[in-house]
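Listed here are the chains, written in short residue letters.
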Amino acid sequence: HAFCASKVITHPLVSPDAVAPRGWSPACGESMCDVALPGYSAFSAKDAMAAGERLLELGKVRVKKSWGVGGSGQSVADSREALREQLEAIEPDALGRQGIVLELNLASLETYGIGQVQVGPWTVSYYGTQSLTRNHHGHEVYGGSELKLVRGDFEALLSLELAPELRTAIEQAVAYHRNAHRHFNGMFASRSNYDVAQGRDEAGRFHSGVLEQSWRIGGASGAEIGALHAFKAEPGLQRVRASTHEVYLGEQDDSLALLPPDAQVLFDGTDERAGRLMKYVRVQAYADA
């Protein structure tokens with residue numbers, strides 16, 4: 001079902017009689033409650049309003065269109081009136097067809113990327129963080145990912161020495177991964193990435209939970225593929241560090257002068273939408289992390 005590929009499976013519906021698409025699994029949403037932020041998914045304005053009002057008792061509410069990417073299609077409501085106004089701005093057909101997510105808004109947060117990629121006999125698992133940069137319009141956009149990768153399944157990742165908060169994030173991502181595959185039988189993804197947010201709400205309460213999944217090629221995929229090549233080349237290698245970098249350049253900038261010696265260039269040119277842009281990958285020994 002199309003909705004399986006979007007963030008709506010991260011949360012349950014607000015009530016058993018709420019509107020849901022064909023194939024919806026109530027058990028999946030309920031199983032995610034312990035690994036996601038407080039929130040609900042909705043496929044009608046009525047259900048969305050009921051869910052938002054319930055969340056407003058805890059603090060501000062983030063309204064997220066399921067079809068938004070990279071933080072787009074989101075707004076924050078701090079009152080019932082603001083919530084209603086934001087919901088009314090969403091086209092009803094899109095809401096009913098694709099759904100939205102309503103989550104407790106965090107005043108401050110850190111986001112981890114937890115993932116796994118499988119190609120033939122090779123499986124690589126990782127954790128990492130993202131960085132932001134400014135594009136040619138002055139907007140903050142994705143600027144790259146810094147990953148620590150291990151050969152093997154998620155168990156190999158959890159066997160590392162990890163800070164308590166990071167271990168919690170990985171455990172939540174793994175639980176999300178397994179819940180989704182259990183409740184949607186037959187689903188397969190050779191590349192799985194989960195964004196996990198940790199931070200405090202306006203009342204100072206700490207929260208940790210998966211924001212959404214990505215079962216497609218993503219911004220970190222260049223680093224993942226670089227690590228796969230490294231593991232294939234050295235059978236005894238168990239851990240590497242890999243990173244992706246996206247640099248917005250002026251038309252006269254010398255891109256080669258900006259490259260580290262070990263960089264592998266993926267793209268260096270002018271994109272019709274993004275403008276002059278360079279993307280590159282670095283793969284280094286884990287000890288350098």
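Residues numbered from 1 in each chain as written. Predicted model: local features only at pLDDT ≥ 70, side-chain atom pairs only at ≥ 80, totals over all residues. Heavy atoms only, no water.

Undergrad: Help me understand the overall build of the protein chain, please; the structure alone is not making it clear to me.
TA: Summing up its helical and strand segments, the protein chain has seven helices and twelve strands in all. A compact globule built from 289 residues would reach a C-alpha radius of gyration of about 19 Å, and the protein chain, at 20 Å, matches this within 12%. A buried classification covers 48% of the 289 residues belonging to the protein chain. Taking all contacts inside the protein chain whose residues are at least 6 apart in sequence as the whole, residues at least 24 apart take part in 64%. (Helix = DSSP H or I, 4+ residues; strand = E, 2+ residues; numbered from the N terminus. Rg over C-alpha atoms; globule rule 2.2 N^0.38 Å. Buried < 20%, exposed > 50% of the residue type's maximum accessible area, 1.4 Å probe, protein only. Contact = heavy atoms within 4.5 Å.)

Undergrad: Which parts of the structure should I look at to understand the packing of aromatic side chains?
TA: Any aromatic ring pair is given by two values, namely how distant the centres are and how the planes are angled relative to each other. Per the stated rule, a full pass over the model turns up five aromatic pairs. Ring geometry for phenylalanine 3 versus phenylalanine 184: centroids 5.9 Å apart, planes at 70°, classification edge-to-face. Residue phenylalanine 3 is found in the segment before helix 1 (26-31), and its partner phenylalanine 184 is found in the loop between helix 6 (164-183) and strand 8 (191-200); the two are separated by 181 residues along the sequence. For the pair phenylalanine 3 and phenylalanine 184, a shared accessibility class is recorded, and that class is buried. Between tryptophan 24 and phenylalanine 43, the aromatic rings sit 5.5 Å apart at their centres with planes inclined by 75°, giving edge-to-face as the arrangement. Of this pair, tryptophan 24 sits in the segment before helix 1 while phenylalanine 43 sits in the loop between strand 1 (39-42) and helix 2 (45-56); the two residues are 19 residues apart in sequence, bridging distant segments of the chain. Here the aromatic residues Phe3, Trp24, Phe43 and Phe184 are joined through ring pairs into a cluster of three or more. (Phe/Tyr/Trp six-rings, centres within 6.5 Å; stacked < 30°, edge-to-face > 60°.)

Undergrad: Where do I start with the packing of helix 2 against helix 3 (residues 80-88) in this structure?
TA: In helix packing, the relevant descriptors are the interaxial angle and the interaxial distance, both defined with respect to the helix axes. Two elements in contact, helix 2 and helix 3, have axes separated by 10 Å at closest approach and are oriented at 150°. Comparing the axis directions of helix 2 and helix 3 gives the class roughly antiparallel. Judged by the sense of rotation from one axis to the other, the crossing of helix 2 with helix 3 is right-handed. Together, Ala45, Ala48, Met49, Gly52, Glu53 and Leu56 of helix 2 and Arg80, Leu83, Arg84 and Leu87 of helix 3 make up the contact between the two elements. Its residues assigned to classes, the contact of helix 2 with helix 3 comprises six nonpolar, one polar and three charged. (Axes fitted to C-alpha atoms, helices over the stretch in contact; angles between N-to-C directions. Parallel < 35°, antiparallel > 145°, perpendicular 65-115°, else oblique. Left-handed = near helix turned anticlockwise from the far one by under 90°. Nonpolar A, V, L, I, M, F, W, Y, C, P; charged D, E, K, R; others polar.)

Undergrad: Sorry if this is basic, but what is going on with helix 2 here?
TA: Along an α-helix, residues three or four positions apart point the same way, because every turn accommodates 3.6 residues. Taking 1.5 Å of rise per residue, twelve residues should cover 16 Å, and helix 2 covers 16 Å from first to last C-alpha, within 8% of that figure. Every buried residue of helix 2 is accounted for by Asp47, Ala48, Met49, Ala51, Gly52 and Leu55. Of the surrounding elements, those touching the buried residues of helix 2 are strand 1, strand 2 (61-65), helix 3 and strand 4 (100-104). (Expected span 1.5 Å × (residues − 1).)

Undergrad: What exactly am I supposed to notice about the nonpolar core here?
TA: Nonpolar side chains tend toward joint burial in soluble globular proteins. By size, the foremost hydrophobic cluster in this structure holds 51 residues, and its most contacted members are Ile100, Leu102, Ile114 and Tyr127. Apart from residues no more than four positions distant in its own chain, leucine 102 is found in contact with Pro38, Gly39, Tyr40, Ala42, Ala48, Ala51, Gly52, Leu55, Val61, Arg62, Val63 and Leu83. (Core = buried A, V, L, I, M, F, W, Y, C linked by side-chain atoms within 4.5 Å.)

Undergrad: Could you clarify how one ought to interpret the environment of glutamate 53 in this entry?
TA: Here glutamate 53 is to be found in helix 2. Along the sequence, glutamate 53 and arginine 84 sit 31 residues apart, while their C-alpha atoms lie 9.6 Å from each other. With residues near it in sequence (within four places) discarded, glutamate 53 still touches Arg80 and Leu83.

Undergrad: Is there a simple way to explain the sheet that holds strand 9 (residues 206-214) in this structure?
TA: The strands making up a sheet associate through backbone hydrogen bonding, with each pair oriented either parallel or antiparallel. The sheet built from eight strands is open, its strands ordered 9-8-5-6-7-10-12-11 with antiparallel pairing. The sheet is open, and its two borders are formed by strand 9 and strand 11 (264-271), each paired with just one other strand. Taken over all neighbouring pairs, the strand axes of this sheet differ in orientation by 20° on average, direction set aside. Of the pairings in the sheet, the one linking strand 11 to strand 12 (residues 275-285) comprises seven bridges and is antiparallel in character. Paired with phenylalanine 267 across the strands is lysine 279, a residue of strand 12. Sheet strands in contact with helix 6 are strand 5 (108-119), strand 6 (122-134), strand 8 and strand 9, and its direction is about 135° off that of strand 8. Strands strand 5, strand 6, strand 7 (140-151), strand 8, strand 10 (239-248), strand 11 and strand 12 of the sheet are contacted by helix 7 (residues 221-233), whose axis makes an angle of about 145° with strand 10. (Pairing = 2+ DSSP bridges.)

Undergrad: It is not clear to me how the environment of serine 243 should be interpreted in this structure. Could you clarify?
TA: In this fold, serine 243 is placed in strand 10. Counting along the chain gives 47 residues from serine 243 to valine 196, while the straight-line C-alpha distance between them is 18 Å. Separated by 2.8 Å, the side chains of serine 243 and histidine 245 make a polar contact. (Polar contact = N/O pair within 3.5 Å; in protein donor to acceptor, adjacent residues only side chain to side chain.)

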